[in-house]
Each structure stands twice: as C-alpha cells, then as structure tokens.
Amino acid sequence: MSNRLESASNQTFEPRIVAFFCNWCTYTAADLTGISRLLYAPNVRVIRVMCSGRIDPQFILAALREGADGVLIGGCHPGDCHYLEGNYKALRRFKLLKRFLKRMGIEEERVRLEWIAASEGDKVQRVVNEMTEQVRKLGPLRLFPLPHPETHGNGQQTPELVAAGQGGN
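No experiment lies behind these values; they were computed from the predicted model shown. (Residues numbered from 1 in each chain as written. Predicted model: local features only at pLDDT ≥ 70, side-chain atom pairs only at ≥ 80, totals over all residues. Heavy atoms only, no water.)

Draft legend 1. The arrangement of the packing of helix H3 (residues 57–65) against helix H4 (residues 86–103) in detail. Interaxial distance between H3 and H4 falls to 10 Å at its minimum, and their mutual angle equals 40°. Classed by the angle they form, the pair H3 and H4 counts as oblique. Both H3 and H4 take part in a crossing whose hand is right-handed. Counting all contacts with H3, which are made through Pro57, Ile60, Leu61 and Leu64, the residues of H4 involved are Arg93, Leu97, Phe100 and Leu101. For the contact of H3 with H4, the per-class residue count stands at seven nonpolar, no polar and one charged. (Axes fitted to C-alpha atoms, helices over the stretch in contact; angles between N-to-C directions. Helix = DSSP H or I, 4+ residues; strand = E, 2+ residues; numbered from the N terminus. Parallel < 35°, antiparallel > 145°, perpendicular 65-115°, else oblique. Left-handed = near helix turned anticlockwise from the far one by under 90°. Contact = heavy atoms within 4.5 Å. Nonpolar A, V, L, I, M, F, W, Y, C, P; charged D, E, K, R; others polar.)

Right, dumping it as structure tokens:
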C-alpha cells in the first residue's frame, strides 16, 4: 500500500531545478531554444553567470538548501571557454562537490554538469527534460533548514545562545 502512495506522490511531484548557465555558450543556447520554439520542462530557473568557472560550490549548496531539488550547470565545451580555462575549473569543483554531496547522503543525480555550445539549443531542451525526469523519479529533496539564532524582538540573542558560546559579540 505504501508503494502505491509513494508512486502516486512522485507522479504529482514537480521538481524545482536551478540552472547556472554560462553567458557565452549555454545561456545563448537556451535563448536559441526559445527562438526556435523548442519546448522544455518549465521546472528550471536559469541564473546567468559569466563563466561556469565562476560558480562557487556554495552557490549549489545554497540552492539545494533553499528548496531546489536539483542543480544543472551548463558551460562551454572544453577548449572553447571564453575565459580560457574556466570550464576546467568548473569541472574540478564539480567532481569535488559530487563527492561531498555523496557523503552528505544527497544523490549524485541531483547535480549535473553539461557542456553546451551556443549553437546547441536542441541539447538544452534534451538535457533539461532528462534532468527534470530524473529528479522527478528521485522525489523531493528533503533537507532540514539551517537553524537560525533566536533573537529577542530587540535583535539581541537569547541568553541560552550566549551561554552556549554561540553569541555573536
């Protein structure tokens, strides 16, 4: 019975995916997708960055912590980066991040890196649809929110936090 309930809840689940797209290639390809009237899942919210190498892993962790069920990174093909080696930097960070996420118990399939040239609008469509379907099968990412220090109405921290050594002064 619980399997049926679980599969029914996954069928109605619509994943939230944050996409960090390189300005010069993947973002341009996403624009081409729209111009070409190619349809892809509306689950993705695109954030344009100048280079995939500028994506700090903390951005990805913040997206997941703030409610994203998956993160897609898109950059120029290796050797075609407008900033020479930014995509190699992105690849190194991505590999380390995947190991970190695995240790945290987060499925590797929730974060994806793709090289997409400006002329590959059809690839943007395919990748977004594949990732949406993959994250839909995984179900929602249920992370516990970070605890926020409790404060009194005047902005001062509670005595318990100060006594525990967590006071900010």
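Draft legend 2. Quick peek at the pairing of strand S3 (residues 70–75). Buried residues dominate S3, accounting for six of its six residues. Of the two faces of S3, the one lined by Gly70, Leu72 and Gly74 and the one lined by Val71, Ile73 and Gly75 are each fully buried. In this sheet, S3 lies alongside strand S1 (residues 17–22) in parallel orientation, the contact comprising five bridges. Counted as the bridge partner of Phe21 is Gly74 from S3. (Buried < 20%, exposed > 50% of the residue type's maximum accessible area, 1.4 Å probe, protein only. Pairing = 2+ DSSP bridges.)

Draft legend 3. Representation of a nonpolar patch on the surface in the model. Judged by side-chain polarity, Trp24, Met50 and Tyr83 come together as a nonpolar surface patch covering roughly 310 Å² of accessible area. Position of Met50 relative to the elements: it lies in the loop between strand S2 (44–49) and H3. Given a relative accessible area of 42%, Met50 falls into the partly exposed group. (Patch = residues over 30% accessible without salt bridge, like charges linked within 9 Å, V, L, I, M, F, W, Y side chains within 5 Å. Areas by Shrake-Rupley, 256 points an atom, 1.4 Å probe, with all protein chains shown as cover. Salt bridge = Lys/Arg side-chain N within 4 Å of Asp/Glu carboxyl O.)

Draft legend 4. Summary view of H3. Along H3, the positions that sit buried rather than exposed are Ile60, Ala63 and Leu64. Each buried residue of H3 sits inside an arc of 95° when the element is viewed along its axis, so together they form one side. The backbone nitrogen of Gln58 has a side-chain oxygen 2.8 Å away, supplied by the residue at the start of H3, namely Asp56. (Arc of directions from axis to C-beta. Polar contact = N/O pair within 3.5 Å; in protein donor to acceptor, adjacent residues only side chain to side chain.)

Draft legend 5. Broad picture of the pattern of salt bridges. All told, the structure shown has nine salt bridges when counted by the stated rule. Note that Arg16 is salt-bridged to Asp69, the shortest N-O span being 3.9 Å. Taken together, the residues span a long stretch of sequence, with Arg16 in the loop between helix H1 (2–12) and S1 and Asp69 in the loop between H3 and S3 at a distance of 53 residues. Taking relative accessible area as the criterion, Arg16 reaches 51% and is therefore assigned exposed. A relative accessible area of 1% means that Asp69 is categorised as buried. Of the charged contacts, one joins Arg110 and Glu107 as a salt bridge, the two residues approaching to 2.7 Å between their closest N and O atoms. Given the relative accessible area of 1%, Arg110 is considered buried.

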